[in-house]
Amino acid sequence: GESVGLHLPTLSVQEGDNSIINCAYSNSASDYFIWYKQESGKGPQFIIDIRSNMDKRQGQRVTVLLNKTVKHLSLQIAATQPGDSAVYFCAENNRGSQGNLIFGKGTKLSVKP
Amino acid sequence: GAGVSQSPRYKVAKRGQDVALRCDPISGHVSLFWYQQALGQGPEFLTYFQNEAQLDKSGLPSDRFFAERPEGSVSTLKIQRTQQEDSAVYLCASSLDGINMNTEAFFGQGTRLTVV
């Protein structure tokens with residue numbers, strides 16, 4: 001099947017370890033950020049989001065950190081599982097452009113059993 | 001089904017041929033978005049509808065690309081005189097109202113277009 005992760009940076013982790021995926025965003029006016037997971041042959045799937053007035057947000061096994069000073073976003077996945085293997089994209093949006101999400105280049109996460 | 005449905009799943013077109021890609025959003029979703037994803041890249045915005053109104057088409061790469069949503073539900077992305085650089089996965093997403101903390105956008109599986 002097609003490879004979403006072709007030529008993307010790859011992060012390889014052992015099952016059970018924590019994963020950290022980083023993203024640098026481009027627009028200082030962006031006020032809303034989303035992490036998506038994309039498995040091969042599927043569309044992006046929402047994981048977690050954060051607004052620019054927040055530094056940190058936690059979900060189930062996932063945490064997003066936002067550093068507006070250096071325009072950096074990270075996704076932390078606790079106790080990584082084989083089912084977490086996918087390509088992860090950060091996306092940014094500003095209030096003035098309702099549907100225009102700007103996606104980052106993506107990171108391929110590979111979980112070794 | 002409950003999700004965003006796109007058809008066809010795969011499309012092979014000869015260069016110069018016109019194609020039409022269909023998106024059935026989740027019922028009741030006001031907002032609909034089209035994105036283009038080249039192999040190994042992140043999705044790139046094409047256009048956005050609020051009901052039947054096309055509010056943003058700034059991402060359409062050329063006038064060969066046209067999108068419509070005449071009744072505020074199903075949308076069609078049409079590409080005229082396809083070129084090899086049009087080969088990509090075309091993703092459709094829908095949401096209750098825009099993209100923000102209160103409303104998530106759900107993506108379909110995409111249509112993989114290959115122009116030969």
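Residues numbered from 1 in each chain as written. Chains lettered and ligands numbered in written order. Predicted model: local features only at pLDDT ≥ 70, side-chain atom pairs only at ≥ 80, totals over all residues. Heavy atoms only, no water.

Caption draft 1: Layout of the nonpolar core. By size, the foremost hydrophobic cluster in this structure holds 20 residues, and its most contacted members are Trp34(B), Leu77(B), Tyr90(B) and Leu113(B). If you list the elements that add at least two residues to this core, you get β3 (19-24), β4 (31-37), β5 (44-50), β7 (65-68), β8 (75-79), β9 (88-95) and β11 (111-115) of chain B. (Core = buried A, V, L, I, M, F, W, Y, C linked by side-chain atoms within 4.5 Å. Buried < 20%, exposed > 50% of the residue type's maximum accessible area, 1.4 Å probe, protein only. Helix = DSSP H or I, 4+ residues; strand = E, 2+ residues; numbered from the N terminus.)

Caption draft 2: Structural view of the packing of aromatic side chains. In total, this model carries ten aromatic pairs over all chains according to the counting rule given. Aromatic side chains Tyr36(A) and Phe107(B) sit 5.5 Å apart centroid to centroid with 85° between the ring planes, which places their arrangement in the edge-to-face category. One end of the pair, Tyr36(A), is in strand β3 (residues 32-38); the other, Phe107(B), is in strand β10 (residues 106-107), on a second chain. In this structure Phe107(B) comes out as buried when scored by relative accessible area, which is 12%. Between Phe103(A) and Phe107(B), the ring centres sit 6.3 Å apart and the planes meet at 80°, which makes this aromatic pair edge-to-face. Of this pair, Phe103(A) sits in strand β9 (residues 102-103) while Phe107(B) is found in strand β10, placing the two residues in two different chains. Accessibility assignment for this pair places Phe103(A) and Phe107(B) in one class, buried. (Phe/Tyr/Trp six-rings, centres within 6.5 Å; stacked < 30°, edge-to-face > 60°.)

Caption draft 3: Quick peek at the sheet that holds strand β7 (residues 72-77) of chain A. All names here are of chain A. What the four strands build is an open sheet, ordered β2-β7-β6-β5; its pairing is antiparallel. Strands with a single pairing partner mark the edges of an open sheet, and in this sheet they are β2 (19-24) and β5 (56-58). Strand-to-strand, the axes of this sheet are offset by a mean angle of 15°, without reference to chain direction. Sheet topology places strand β6 (residues 62-67) next to β7; six bridges connect them, and they run antiparallel. In the sheet register, valine 62 faces β7, and the bridge partner there is isoleucine 77. (Pairing = 2+ DSSP bridges. Axes fitted to C-alpha atoms, helices over the stretch in contact; angles between N-to-C directions.)

In short, shape yes, function no, at least from these values alone.
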